[in-house]
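This is what each chain is made of:
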Amino acid sequence: MKTFRIGGVHPEENKLTADKPIRDAMLPKQAVFSMFQHIGAPAKPVVKKGDKVKVGTLLAEAGGFVSAPVHSSVSGTVNKVDSVLDASGTRRAAIYVDVEGDEWEESIDRSGKLVRLSDRPDLDSKTIVEKIKNAGIVGMGGATFPCHVKLTPPPGCKAECVIINAVECEPYLTADHRLMLEHPDEILVGVSLIMKAVNVERGYIGIENNKPDAIRLMTEKARKDYPQIEVVPLQMKYPQGGEKQLIDAVIGRQVPAPPAIPIHVGAVVQNVGTAFAIYEAVMLNKPLVDRIITVTGKTVSNPGNLRARLGTSMQQLMDECGGLPADAGKIISGGPMMGKTLMSLEVPMTKGSSGLLIMDMKEARRAEPQPCIRCGKCVRACAMGLEPYLLATLSAHAEWERAEQEDIVSCIECGCCQFSCPSKRPLADNIRSGKQKVMGIIRSRAAQAKKQ
Amino acid sequence: MSLILLAVIVLGVLGLVSALVLFYASHRFAVHEDPRIGQVAAVLPQANCGGCGYPGCSGFAAACVKAADQGSLEGKLCPVGGQAVMEQVADIVGLSVAASAPKVAVVRCNGSCENRPRIAEFDGMHTCRVQQMLGSGETACQYGCLGCGDCVAACQFGAISMNPETGLPEVDEDKCTACGACAKACPRGVIEIRLKGPKGRRMVVLCNNKDKGAVANKVCKTACIGCGKCVKTCDKFQAITLENNLAYIDAEKCKLCRKCEEACPKGAIHAFNFPPRKPAAPAAPAAEAATGAATQQTNNEQPA
């Protein structure tokens, strides 16, 4: 079975909600839309206090090319254009909408009928990318990179294949798994739309083999109607869902160090949730207004996979799943390996909120770090072939020049190093902090060079 | 005997040849350095702290000589040596220096454990840099002191230390050389290098919070809420400005009248190194709150 060649670890799966069908979350009373739901320039509000909106109404336009618009996921009245303490832990611009009823924009197709590519011969590559852009689609795996940018290869680069990331290697998260079991047809149409958008003939769907039912179903459907799409079962290993690891496993190519990106080896990678959102956007005229979020944790009384409207507070989602458990230690947005801890549940759900994980005090508490014993486990575990013990020390001592030489910017922040360290040293925290600093130095160097 | 003589002669000749080679090399490859640089470097404190902005004391010496040749030592200051050392440097290069006002580091935050409640526990690396990057610390204030002591670690003079009761750093004004290392280490820019003031007295807004008043009010008891009362009170000297919901006192314009301290409804403005106020008869509630909060700063109790 295929897998990536360098590094990797095996955390416990804890897929507690794998057999829980998707259920619709309740409509919130107030929805808060962050202007920072994507990588790139923040969105710019185009509504003001008192404006009436429906589901699908544009609230904020893209702030630049690498940016995305934000649409209302509810119908009601705009309460204010202010700021909110979001998942990043900082207070940033957001639009508040008081919810009234559930009216949708007329252009959105809510019939539930499947629309195939053959039903829409009018769609060409340019139109597809334009529709994706206007619908505000971003990477739904959690990275939230604006989709239309990825589907517009830079000059000199040509896409050779599309790889769909249905790996979901993060423990606890099952949103993509359920999506494949319940909406395989829509996903496959979405995949063929992506393939048409970048003009490629081959598509792959990578699925980890802890989801045999999804592999079976998707393989059956693809074999029947989509001969150009191949389902690739992958060995279970974290971080198989990393872009570069996926490309290595599926087509055996390694993406060079930054500033190289996957398109430089001809690959366009998209999350399976993104493929589904693309289907809805292009075929049903539905902008990105909701997503599946896995609410889970060993002490959560009613965990599940919720289809929730963007802007719903995490508090409400928690309440729908039994409320915050008494001995809750950490509240994590995302999964346990790469998720972000929240300081409060009054944080709105965004396009990248793939999970809400509660860990009890015992599971959440970190052990006291001990000195490094030079065992090399971190080097063996690093999925990018770096030397975490060295990068962590360089970051701690602020040796930015040497850190840059040792390729700290290649780190994908997967956390394998910290996970494997027997001394429980905070390697990933140190390296992440150093990587940010070095990237800042590189950016200012480039800006200076441009001035001259 | 002739063998010994032969050995002596051979070694002697080798020695002579080496000496000649070295003599030639020392002249052919000599590096000419302005002798003044060495003289200036000799009077510097040798702390190599970088407070002057140059790489070490030798770097500063070279910069001073270069500047002197261009006519002036304007802008060159060794904060550790201070006025005394700069006068010696000026002597060596044959110029004179204007007296420069001494400066000191000020921690512009009074968000102690009592004033600013913790809302979360950061179970990770206890350095300010990492806490700032991975979250916004343990309180709801995104501008205040993070309390992990990156500033303490950066100080080479032992002039700043963490107070375990308040959770805030405290500056020992006698040891502080205003080199700026702590200010650079702070990821939130809480520490400012300000004018020390006559007799060490100065007025400072001990807050860095730029959120709107209602938000700032919720996160800390002594936060600046941007109400502007201090700005209005200082209409005579116009030393206070309000920007981004935060008041700022210009040390050069401030006349130390302490009226702003009384006017501030939150007790965010502090007076450093003043003698204790005589208890006034009917004290205004604002003044009471101000002196109440001010006594948390140990500096205030020092005689002028």
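## Remarks on the overall build of chain A
Link 1 in the chain: Helix and strand counts for chain A stand at 14 helices and 17 strands.
Link 2 in the chain: Compactness check: chain A gives a C-alpha radius of gyration of 22 Å against a globular reference of 22 Å for 452 residues, within 12% of the reference.
Link 3 in the chain: Seen along its three principal axes, the alpha-carbon backbone of chain A occupies a region of about 65 × 55 × 50 Å.
Link 4 in the chain: Burial status across chain A gives 55% buried among its 452 residues.
Link 5 in the chain: A separation threshold of at least 6 residues defines the contact pool for chain A, and within that pool the share at least 24 residues apart is 73%.
Link 6 in the chain: For chain A, the distance from the average position of its 58 positive side-chain charges to the average position of its 51 negative side-chain charges is 4 Å.

## A short note on the overall build of chain B
Link 1 in the chain: When its secondary structure is counted, chain B shows 11 helices and 8 strands.
Link 2 in the chain: Over its C-alpha atoms chain B spans a radius of gyration of 28 Å, topping by over 25% the 19 Å that the globule rule assigns to 304 residues.
Link 3 in the chain: C-alpha extents for chain B along the principal axes are approximately 105 × 50 × 35 Å.
Link 4 in the chain: Within chain B, residue pairs in contact and separated by at least 24 positions form 61% of the contacts whose partners lie at least 6 positions apart.

## Concerning the pairing of strand β12 (residues 267–271) of chain A
A regular strand carries its side chains on alternate faces of the sheet.
All names here are of chain A.
Link 1 in the chain: Along β12, 5 of the 5 residues are buried, which leaves the element largely enclosed by surrounding structure.
Link 2 in the chain: With burial as the criterion, each face of β12 is covered, one bearing Ala267, Val269 and Asn271 and the other bearing Val268 and Gln270.
Link 3 in the chain: As paired strands, strand β9 (residues 161–165) and β12 are joined by 5 bridges and run parallel to one another. Across the sheet, residue isoleucine 164 finds its bridge partner in β12, namely glutamine 270.

## Structural notes on the layout of surface pockets
All names here are of chain A.
Link 1 in the chain: Size it by volume and the second largest pocket reaches roughly 680 Å³.
Link 2 in the chain: Ranked by the residues each element gives to the lining of the second largest pocket, the list is headed by strand β7 (residues 76–85), at 5 residues.
Link 3 in the chain: Looking at the lining of the second largest pocket residue by residue, the classes come out as 12 nonpolar, 6 polar and 7 charged.

## Here's the deal with the sheet that holds strand β14 (residues 304–309) of chain A
Residues and elements named next belong to chain A.
Link 1 in the chain: If you trace the 6 strands from one edge of the open sheet to the other, you get β1-β14-β13-β17-β15-β16, paired in mixed fashion. This sheet does not close on itself; its edge strands, each paired only once, are β1 (23–24) and β16 (340–341).
Link 2 in the chain: Judged from the 2 bridges that link them, strand β15 (residues 328–333) and β16 form a sheet pairing that is antiparallel. Directly across from serine 333, in β16, lies its bridge partner lysine 340.

## Side note on the packing of aromatic side chains
Residues and elements named next belong to chain B.
Link 1 in the chain: Throughout the structure, instances matching the rule amount to 1 aromatic pair over all chains.
Link 2 in the chain: Between the aromatic rings of tyrosine 54 and phenylalanine 60, the centroid separation amounts to 5.9 Å while the plane-to-plane angle is 45°, which identifies the pairing as tilted.
Link 3 in the chain: The ring centre of phenylalanine 274 lies 5.4 Å from the NZ or CZ of arginine 201, which sits over that ring.
Link 4 in the chain: If you follow arginine 258 out to its NZ or CZ, it ends over the ring of phenylalanine 274, 4.6 Å from the centre.

## Quick notes on the interface of chain B and chain A
Link 1 in the chain: Taken together, the 20 residues of chain B in the interface contact 21 residues of chain A.
Link 2 in the chain: Three residues stand out in chain B for area buried against chain A, namely Asp123(B), Arg129(B) and Met133(B), and they jointly supply 36% of the buried area on that side.
Link 3 in the chain: Applying the counting criterion to the chain B and chain A interface returns 3 salt bridges.
Link 4 in the chain: At the boundary of chain B with chain A, the tally comes to 6 residue pairs in polar contact (both at pLDDT 80 or more).
Link 5 in the chain: No other element matches the 4 residues that helix α5 (residues 128–134) of chain B contributes to the side of chain B that touches chain A.

## A closer look at the nonpolar core
All names here are of chain A.
Link 1 in the chain: Within the largest apolar cluster, 86 residues are counted, with the highest numbers of intra-cluster contacts made by Ile137, Leu151, Ile205, Met283, Met314, Leu317 and Leu356.
Link 2 in the chain: Ranked by the residues each element gives to this core, the list is headed by helix α7 (residues 272–284), at 10 residues.
Link 3 in the chain: Setting aside its immediate chain neighbours within four residues, methionine 283 contacts Val115, Arg116, Leu117, Arg120, Leu123, Val189, Leu193 and Ile278.

## Focus on unusual backbone geometry
Link 1 in the chain: Following Tyr238(A), the chain continues to Pro239(A) via a peptide bond in cis, the omega torsion being 0°.
Link 2 in the chain: Counting through the fold element by element, Pro239(A) comes out in the loop between β11 (229–234) and α6 (243–251).
Link 3 in the chain: Although it is not a glycine, Asp407(A) sits at a positive phi angle of roughly 70°.
Link 4 in the chain: Relative to the helices and strands, Asp407(A) is located in the loop between α12 (400–405) and α13 (416–420).
Link 5 in the chain: Despite not being glycine, Lys199(B) shows a phi value in the positive range, around 60°.
Link 6 in the chain: Inspection of the secondary structure puts Lys199(B) in the loop between β4 (191–195) and β5 (202–205).
Link 7 in the chain: Lys199(B) gets classed as exposed once you look at its relative accessible area, which sits at 62%.

## Notes on a nonpolar patch on the surface
Link 1 in the chain: On the surface, Leu3(B), Leu6(B), Val10(B), Leu11(B) and Leu14(B) cluster together into a nonpolar patch covering about 530 Å² of accessible area.
Link 2 in the chain: A relative accessible area of 67% places Leu3(B) in the exposed class.

## Side note on the state of the cysteines
Link 1 in the chain: Throughout the structure, instances matching the rule amount to 0 disulfides over all chains.
Link 2 in the chain: Free of any disulfide, Cys169(A) has its nearest cysteine sulfur in Cys416(A), 8.7 Å distant.
Link 3 in the chain: The buried category is assigned to Cys169(A), whose relative accessible area is 17%.
Link 4 in the chain: Cys141(B) forms no disulfide, and the closest cysteine sulfur to it belongs to Cys207(B), at a distance of 6.4 Å.

## Points about α6(A)
All names here are of chain A.
Link 1 in the chain: Of all 9 residues that make up α6, 7 are buried, and the element is covered over most of its length.
Link 2 in the chain: Residues Lys244, Gln245, Leu246, Ile247, Asp248, Ala249 and Val250 constitute the buried set of α6.
Link 3 in the chain: In this fold, the buried residues of α6 make contact with β9, β10 (202–208), β11 and β12.

## Quick notes on the environment of Lys253(B)
Residue and element names in this part refer to chain B.
Link 1 in the chain: Tracing the backbone through its elements, the reader meets lysine 253 in the loop between β7 (246–249) and α10 (259–263).
Link 2 in the chain: Residues lysine 253 and glycine 137, 116 residues apart in the sequence, show an inter-C-alpha distance of 35 Å.
Link 3 in the chain: If we skip the residues at most four places from it in the chain, lysine 253 touches Phe237, Gln238 and Ala239.

## Quick word on the pattern of salt bridges
Link 1 in the chain: Scanning the entire structure with this criterion turns up 32 salt bridges over all chains.
Link 2 in the chain: The partner of Glu243(A) in a salt bridge is Lys150(A), with the nearest N and O atoms 2.9 Å apart. One end of the pair, Glu243(A), is in helix α6; the other, Lys150(A), is in helix α2 (residues 147–150), with 93 residues separating them in the sequence.
Link 3 in the chain: Lys150(A) gets classed as partly exposed once you look at its relative accessible area, which sits at 26%.
Link 4 in the chain: Each of Lys80(A), Asp82(A) and Lys212(B) takes part in salt bridges that share partners, so that together they form one network.

## Some remarks on the packing of helix α3 (residues 175–182) of chain A against helix α5 (residues 212–225) of chain A
Residue and element names in this part refer to chain A.
Link 1 in the chain: Close contact between α3 and α5 brings their axes to 9 Å; oriented N to C, the two are set at 40°. Handedness of the α3/α5 crossing: left-handed. Packed against α3, whose contacting residues are His177, Met180 and Leu181, the element α5 presents Asp213, Ala214, Leu217 and Met218 at the interface.
Link 2 in the chain: Split into classes, the residues belonging to the contact of α3 with α5 amount to 5 nonpolar, 1 polar and 1 charged.

## Considering the pairing of strand β1 (residues 103–107) of chain B
Residues and elements named next belong to chain B.
Link 1 in the chain: β1 sits mainly inside the fold: 4 of its 5 residues count as buried.
Link 2 in the chain: Pairing between β1 and β4: 5 bridges, direction antiparallel. Residue pairing for β4: lysine 103 is matched across the bridge by leucine 195.

## A closer look at the sheet that holds strand β8 (residues 91–99) of chain A
Residue and element names in this part refer to chain A.
Link 1 in the chain: The 4 strands lie next to each other as β2-β8-β7-β4, forming an open sheet whose pairing is antiparallel. At either margin of the open sheet sits one strand with a lone partner, and together these are β2 (30–34) and β4 (52–53).
Link 2 in the chain: Both β2 and β8 contribute to a ladder of 5 bridges, which runs antiparallel. Bridging from a neighbouring strand, valine 32 pairs with tyrosine 96 of β8.

Analysis parameters
- Residues numbered from 1 in each chain as written.
- Chains lettered and ligands numbered in written order.
- Predicted model: local features only at pLDDT ≥ 70, side-chain atom pairs only at ≥ 80, totals over all residues.
- Heavy atoms only, no water.
- Helix = DSSP H or I, 4+ residues; strand = E, 2+ residues; numbered from the N terminus.
- Rg over C-alpha atoms; globule rule 2.2 N^0.38 Å.
- Buried < 20%, exposed > 50% of the residue type's maximum accessible area, 1.4 Å probe, protein only.
- Contact = heavy atoms within 4.5 Å.
- Lys, Arg positive; Asp, Glu negative; His and termini not counted.
- Charge placed at Lys NZ, Arg CZ, Asp CG, Glu CD.
- Pairing = 2+ DSSP bridges.
- 1 Å grid on protein atoms, 1.4 Å probe; cavity = no way out; pocket = protein on both sides within 12 Å on 5 of 7 lines; lining within 4 Å.
- Points joined across faces, edges and corners; volume = space filled by probe spheres on them.
- Nonpolar A, V, L, I, M, F, W, Y, C, P; charged D, E, K, R; others polar.
- Phe/Tyr/Trp six-rings, centres within 6.5 Å; stacked < 30°, edge-to-face > 60°.
- Lys NZ or Arg CZ within 6 Å of the ring centre and 35° of its normal.
- Buried area = accessible area lost by both parts, 1.4 Å probe.
- Salt bridge = Lys/Arg side-chain N within 4 Å of Asp/Glu carboxyl O.
- Polar contact = N/O pair within 3.5 Å; in protein donor to acceptor, adjacent residues only side chain to side chain.
- Core = buried A, V, L, I, M, F, W, Y, C linked by side-chain atoms within 4.5 Å.
- Patch = residues over 30% accessible without salt bridge, like charges linked within 9 Å, V, L, I, M, F, W, Y side chains within 5 Å.
- Areas by Shrake-Rupley, 256 points an atom, 1.4 Å probe, with all protein chains shown as cover.
- Disulfide = S-S within 2.5 Å.
- Axes fitted to C-alpha atoms, helices over the stretch in contact; angles between N-to-C directions.
- Left-handed = near helix turned anticlockwise from the far one by under 90°.

Read these as layout, nothing more, since geometry by itself doesn't imply function.
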